[in-house]
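Secondary and tertiary structure notes
For reference, the chains in residue letters:
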Amino acid sequence: MAGFLDEYGAGDERRARMVKLILISVVVAAVLLGLLYFFFRNYRQEQAAKRFFNSLEAHNYQAAYEMWVSSDSERVGYPMNEFMKDWGPQAMDLHKFTIMDAESCGNSVIVDADLGPAGDKKVWINRQTLELGFGPYDQCPQQNRIYSFYRNVKYQLHGRTYK
């Protein structure tokens, strides 16, 4: 009779281990998905900014202008000669750039780029249309404290301070 009761409760232990494994797997997957979202949520906007700055770096100002203005009404409000005053060779000599930060702000993203000797420039990019433009302010008014802490640490690791 003792052999019959030796196996009693073994199924419960196996079930408890399986539930524990499933819970740990779900938590790890949720954390990984959260980190992927945190680091890649502005990927499309960062790539649009890189294409824009690559065009400027290659002195392809017409292509950069096409990215900046997308409609004829915008071309009237911001003609090519004004664009050249802001982004052309007389305004800055762009040889190398680094995308330092991309901060979500409502339906837009503020991309901060280090343009080397030309200084830092902030470009606003519409999240849906990927239209580029100057923003109404340098920092998003609805700042996220956790993200601000992360950005400050990232800038300090690059030997800089966030402005």
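Here's what I pulled together on the structure shown here. (Residues numbered from 1 in each chain as written. Predicted model: local features only at pLDDT ≥ 70, side-chain atom pairs only at ≥ 80, totals over all residues. Heavy atoms only, no water.)

1. Some points on the pairing of strand 2 (residues 108-114)
For strand 2, a buried count of six out of seven residues is recorded, marking the element as mostly surrounded by other parts of the structure. With seven bridges connecting them, strand 1 (residues 98-105) and strand 2 associate as antiparallel partners. From the neighbouring strand, S104 faces strand 2, where its bridge partner is V109. The hairpin formed by strand 1 and strand 2 contains two residues between the paired strands, and G106 there has a positive phi angle of roughly 65 degrees. Relative to strand 3 (residues 120-126), strand 2 runs antiparallel, the two being bridged by seven bridges. Bridged to A113 within strand 3 is K121. (Buried < 20%, exposed > 50% of the residue type's maximum accessible area, 1.4 Å probe, protein only. Helix = DSSP H or I, 4+ residues; strand = E, 2+ residues; numbered from the N terminus. Pairing = 2+ DSSP bridges.)

2. Considering the nonpolar core
Counting residues in hydrophobic clusters, the biggest one holds 27 residues, and the most contacted among them are F52, F53, L56, W68, F83 and W87. Contributing elements (two or more residues each) for this core: helix 3 (43-57), helix 4 (61-68), helix 6 (80-87), strand 1, strand 2 and strand 3. In terms of residue count, the dominant contributor to this core is helix 3 (five residues). In this view, W68 contacts F52, E74, Y78, F83, W87, V123, L132, G133 and F134; residues no more than four positions away in its chain are not counted. (Core = buried A, V, L, I, M, F, W, Y, C linked by side-chain atoms within 4.5 Å. Contact = heavy atoms within 4.5 Å.)

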